[in-house]
Amino acid sequence: LQGIFVLGLPYALLHSGYSGLLFIVLAAALCCYTGKILIACLYEENEDGQLIRVRDTCEDIANACCKKLSPSLGGIVVNVTQVVELIMTCILYLVVSGNLLSHSFPYVPVTEKTWSVIAFVALLPCVFIRTLKIVSKLSQLCSLVHFVIILVVITYCLTQMHQWSWVKFRLSLEFEDFLVSIGVIIFSYTSQIFLPTLEGNMKNPGEFRCMLNWTHFFACILKTTFALAAFLTWGEKTKEVITDNLPSFLETLVNLCLLTKALLSYPLPFFAATEIVYSCISKGNHSNYRSPLLALAVRGSFLLLSLLMAVFIPHFALLMGLSGSVTGAAMTFLLPSLFHLKLKWEKLSFLEKCADISVFILGFFCSLAGIVCSIKGLLEVFG
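Please read these numbers as outputs of a predicted model, since none were measured by experiment. (Residues numbered from 1 in each chain as written. Predicted model: local features only at pLDDT ≥ 70, side-chain atom pairs only at ≥ 80, totals over all residues. Heavy atoms only, no water.)

It is worth spelling out the pattern of salt bridges at this point. Throughout the structure, instances matching the rule amount to five salt bridges. A salt bridge links Asp56 to Arg53, with the shortest nitrogen-to-oxygen separation between them at 3.0 Å. Since its relative accessible area comes to 47%, Asp56 is described here as partly exposed. Judged by relative accessible area, Arg53 falls into the partly exposed class, the value being 26%. Between Arg53 and Glu199 there is a salt bridge whose closest N-O contact spans 2.8 Å. (Salt bridge = Lys/Arg side-chain N within 4 Å of Asp/Glu carboxyl O. Buried < 20%, exposed > 50% of the residue type's maximum accessible area, 1.4 Å probe, protein only.)

Next comes the structure, spelled out in structure tokens:
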């Protein structure tokens, strides 16, 4: 999920300067923290003071928080938020696949939308994915392709070290551009939707916090190095997607790698979204399909929906930015902090309460700023 946003980090530095570098580090720390407090909400202490996992999903956490108001209201809100974000991510991968194919084969008389349909055909086997094991293997391949892309870009940048200059960094900032940069940086770390399932499937869940620390640490190092090297190489000429700055022979290679990554990335959000919907319909164990035809129908419907929205909705990027500002910020900052405060209030220290409240306020302003920028963009397009 992080690859597409990572390619926009150098462009984010163009508009945020030194503050962008600091925010890459801060965002890693914040997202790591919200991941930990979200998982903490899955556990309660028993009579012996031992932590027992009493909840399995974000839906269970939300229902526990809202049980006095309504037994199922919180779960419905969370499920809708998660499904919207996941399906938007799936559509994004189809749109990006069409764009990459169009740029990789410019002499073929085919439109981007047609290329998206061709990419969709390659994704049809997703309707037969029934277990997380298959998704995890595809995600491993996706990670491998991701590292190849990063390696190619950084290697090329290192060959241009003779022209690097810190003078390229901006000291003055434009507020709206800075907000866009913050959005790119924050959403390059988001993974909270998948954390309860990931932690629940670990052989040793006790190592989850350590795993989260190390993954965010290395992600921070990798992203900072990548963004810094690319920006110092191209400076003011840095484009929104950094691969567009590469020489033509490298650009085609990297675009094909990105296409592979996009197709391999699709099954994870697709699987997560269909699991949520199927569990709501069946009201049973969503890891055990009691009705294969119903499960197949849900997955097929989602697959077709992602194609139709990718092909027929105009200005999808702006609409995705609008929904992402709401659902992305909610799942990354707002809901984890609210859940933690609600369920653990009596056991939290003063500093922990201040930290949760600060994260909530930051998430609220990030969401509000993203909504304003997206609506402004839509008004300009339709204006």
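There's plenty left to go through after this.
This part is about the packing of helix 11 (residues 267-282) against helix 12 (residues 292-312). Where helix 11 contacts helix 12, the axes come no closer than 10 Å and their chain directions differ by 135°. On the basis of the axis angle, helix 11 is oblique to helix 12. As helix 11 runs across helix 12, the sense of the crossing is right-handed. Along its contact with helix 11, which presents Phe270, Ala273, Thr274, Val277, Tyr278 and Ile281, the element helix 12 presents Leu294, Ala295, Val298, Arg299, Phe302 and Leu303. Of the residues assigned to the contact of helix 11 with helix 12, the class counts are 10 nonpolar, one polar and one charged. (Axes fitted to C-alpha atoms, helices over the stretch in contact; angles between N-to-C directions. Helix = DSSP H or I, 4+ residues; strand = E, 2+ residues; numbered from the N terminus. Parallel < 35°, antiparallel > 145°, perpendicular 65-115°, else oblique. Left-handed = near helix turned anticlockwise from the far one by under 90°. Contact = heavy atoms within 4.5 Å. Nonpolar A, V, L, I, M, F, W, Y, C, P; charged D, E, K, R; others polar.)

Grouped together as the largest cluster of nonpolar side chains are 104 residues, with contacts concentrated most on Leu94, Ile185, Tyr189, Phe226, Tyr266, Leu303 and Phe339. No other element matches the 14 residues that helix 2 (residues 9-40) contributes to this core. Discounting chain neighbours no more than four positions away, the residues touching Ile185 are Leu9, Ala12, Gly20, Phe23, Ile24 and Ala27. (Core = buried A, V, L, I, M, F, W, Y, C linked by side-chain atoms within 4.5 Å.)

The buried fraction of helix 3 (residues 58-65) amounts to six of the eight residues, a majority that puts the element mostly inside the structure. Buried residues of helix 3: Cys58, Ile61, Ala62, Asn63, Ala64 and Cys65, and no others. Residue Thr57 occupies the N-cap position of helix 3, its side-chain oxygen lying 3.3 Å from the main-chain nitrogen of Glu59. (Polar contact = N/O pair within 3.5 Å; in protein donor to acceptor, adjacent residues only side chain to side chain.)

Moving on to the side chain of Asp356. Mapped onto the fold, Asp356 is located in helix 14 (residues 350-382). Buried charge without a partner: Asp356 forms no salt bridge, and the closest opposite charge is Lys353, 9.5 Å away. A polar side-chain atom of Asp356 sits 2.5 Å from a polar atom in the side chain of Tyr33. (Lys, Arg positive; Asp, Glu negative; His and termini not counted.)

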